[in-house]
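One letter stands for each residue in the lines below.
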Amino acid sequence: MIYRHVNINSSSATNVNQQNPPLLGWLAILALVVFSAASIAAGAGSIFRPAYVVISFAVGVFLYLRYPVLYMGFLWWMWFLTPLISRLIDYRSTFDQSRFILVSQYLVTLITMHTVLKELPRSYRQGGLPFILALSGVLYGSLIGFIKTSPVTAVRGLFDWLTPISFAFYVFIKWRDYPQHRQNITRVFLWGVLVTGVYGVIQYLVAPEWDRFWLISTKLQSFGRPEPLGMRIWSTMASSGPFATTIMTGLLLLFNSKDVLRIPASAAGYLALLLTLVRTMWGAWLVGILTLLSSLKPHIQMRLIVTILVMAICVIPLATVEPFSEVIATRLETFSNLDEDSSAQARQGIYERGVNKALTNYLGNGIGNTFIVNEKGVLEPIVIDSGILDTFFTLGWFGAVFYLGGLILLLFQVFQYSELGIDPFMAAARAIGIACVVTLPIGSGMLGVSGMILWGFLAIVMAAHKYHVHQRNSGFN
């Protein structure tokens, strides 16, 4: 069955912009790249950081209005590369403890709030109830946060919670553009896996000076030692967890790619995923593969199995030779000896201390309120390494019921669709969303870029369903 894309109810200006090569869009992106390279070379950190935030936002607005599909790609690359740009400018000038430049990726994504504000009131009849519920929970948590903490802290926390839902709603409401989004996302993540995967392996082998400088300045011991073969890699991104989530997503999408670059991208990507040492995302990848296999028709399943075997042939030799094998094997051994694993013990302690506080905090601490008063009357940071507990702790029962209710409703809907067997990308998107959801008990995967992937790819499944239903009803099959 072949589906043809038909633009419906879209302005002629949008159609023209999508059909013509987006030359002005690429020039705007190139201008940002040239400005960034020149500023980093000159070490002009004090000027570059605020200017980068402003210019990247301006480019994002321009692309959003004129070239929406190109905007989608630009948005993802902002998440992929901005943390590396931050480290480079820190190395060339002075270390910025606030990491102000990282606000740019949130602002570029939150341009989609224009669509949310415009379309949300009438989205209920289009199937937008999951997003309405989730946004209601976040709105409640933000109000509590502004009451209980400072505006700056509340706004920073709100970025993490609001960005994924805003982006997901945008993808859902733009279901008519699903074929372009499908093609764009596949291409973006192909190159994303290749670039970030290769850099991640280089980071492990070489330990670039700017990464060592950043690791020494932040004093993050969980990232390993600032030396070659000593780092727990995070590649071009801000930390190992988000990078592992992103690379896992790209690797699942590569099963649908026919580009010749998928082989080197997969080899670098799988090796980088192993070198993150993030066991949760190793397990999530496995869940994603099993979900994807169960969604496809038998002949497509066989093709996927063959692809997996080819990837294994490429990756296993790399992972079993030095200098990679020892660190990977050591991490794998912890699966069979969790009683002596410090990470697992720390997470168990967090659960024991946090579950009662989270589930009895009915009003919630509010978004951005990251401290509590302990038994001695001293402020201590909240560390709840669980998305479920974090949701109850932050949003309280009232906000959590709405937020989790929206997520559960979204999951229920994506399990009802029948088009998964004929649309491998749609099946991969659902597998990615489910893989991210299963990590929530042991990580706050609903925030930041991890949340973008969780909410965004589930929304892509909804958009694909609406597109296919329209195509059938219109007689295009």
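As a reminder, the structure under discussion sits directly above these lines.
What counts and what doesn't
Residues numbered from 1 in each chain as written. Predicted model: local features only at pLDDT ≥ 70, side-chain atom pairs only at ≥ 80, totals over all residues. Heavy atoms only, no water. Helix = DSSP H or I, 4+ residues; strand = E, 2+ residues; numbered from the N terminus. Buried < 20%, exposed > 50% of the residue type's maximum accessible area, 1.4 Å probe, protein only. Contact = heavy atoms within 4.5 Å. Areas by Shrake-Rupley, 256 points an atom, 1.4 Å probe, with all protein chains shown as cover. Core = buried A, V, L, I, M, F, W, Y, C linked by side-chain atoms within 4.5 Å. Axes fitted to C-alpha atoms, helices over the stretch in contact; angles between N-to-C directions. Parallel < 35°, antiparallel > 145°, perpendicular 65-115°, else oblique. Left-handed = near helix turned anticlockwise from the far one by under 90°. Nonpolar A, V, L, I, M, F, W, Y, C, P; charged D, E, K, R; others polar.

## Re the overall build of the protein
Part 1: Secondary structure assignment for the protein yields 19 helices and two strands.
Part 2: Here the protein, with 477 residues, has 54% of them falling under the buried criterion.
Part 3: At a minimum sequence separation of 6, the contacts of the protein that also span at least 24 residues come to 79%.
Part 4: For the protein, the accessible area works out to roughly 20,800 Å², and carbon and sulfur atoms hold 66% of it.

## Examining unusual backbone geometry
Part 1: A positive phi angle is found at Leu229, which is not glycine, with a value near 65°.
Part 2: Its location among the elements puts Leu229 in the loop between α10 (209-218) and α11 (240-253).
Part 3: Of note in this structure, Leu277 is not a glycine but carries a positive phi near 60°.
Part 4: Here Leu277 is to be found in the loop between α12 (262-275) and α13 (279-295).
Part 5: When its relative accessible area of 13% is taken as the criterion, Leu277 is described as buried.

## Focus: the environment of Ser239
Part 1: Relative to the helices and strands, Ser239 is located in the loop between α10 and α11.
Part 2: Taking C-alpha positions, Ser239 is 9.0 Å from Pro83, a pair spaced 156 residues apart along the chain.
Part 3: Each residue touching Ser239, except ones within four places of it in the same chain, is listed here: Phe223 and Trp234.

## Topic: the nonpolar core
One broad rule of soluble globular proteins: the nonpolar side chains tend to lie buried together.
Part 1: The biggest cluster of nonpolar side chains holds 131 residues, and the ones touching the most others in it are Trp76, Phe131, Ile185, Tyr403, Trp455 and Phe457.
Part 2: Take this core: its biggest share by element is 14 residues, from helix α19 (residues 448-474).
Part 3: When near neighbours in sequence (up to four residues on either side) are disregarded, Tyr403 contacts Leu133, Ala134, Gly137, Val138, Trp161, Ile165, Thr391, Leu395, Met446 and Trp455.

## Regarding the environment of Leu190
Part 1: Positionally, Leu190 belongs in helix α9 (residues 178-206).
Part 2: Leu190 sits in the buried class, given a relative accessible area of 4%.
Part 3: For the pair formed by Leu190 and Leu254, sequence separation is 64 residues and the distance between their alpha carbons is 6.5 Å.

## Here's the deal with the environment of Trp285
Part 1: Structurally, the position occupied by Trp285 is in helix α13.
Part 2: Residues Trp285 and Leu252 lie 33 residues apart in sequence; the distance between their C-alpha atoms is 7.6 Å.
Part 3: Excluding residues that lie within four positions of it along the chain, Trp285 makes contacts with Met248, Leu251, Leu252 and Tyr270.

## What about the packing of helix α4 (residues 68-92) against α9?
Part 1: At their nearest, the axes of α4 and α9 sit 8 Å apart, and the two run at 15° to each other. The angle between the axes of α4 and α9 places the two elements in the roughly parallel class. As α4 runs across α9, the sense of the crossing is right-handed. Taken together, the residues of α9 that come into contact with α4 (itself represented by Val69, Met72, Gly73, Trp76, Trp77, Phe80, Leu84 and Arg87) are Gln180, His181, Asn184, Ile185, Val188, Phe189, Trp191, Gly192, Val195, Tyr199 and Gln203.
Part 2: Each residue belonging to the contact of α4 with α9 can be placed in one class, and the counts come to 12 nonpolar, six polar and one charged.

What is shown is where atoms sit, not what they do.
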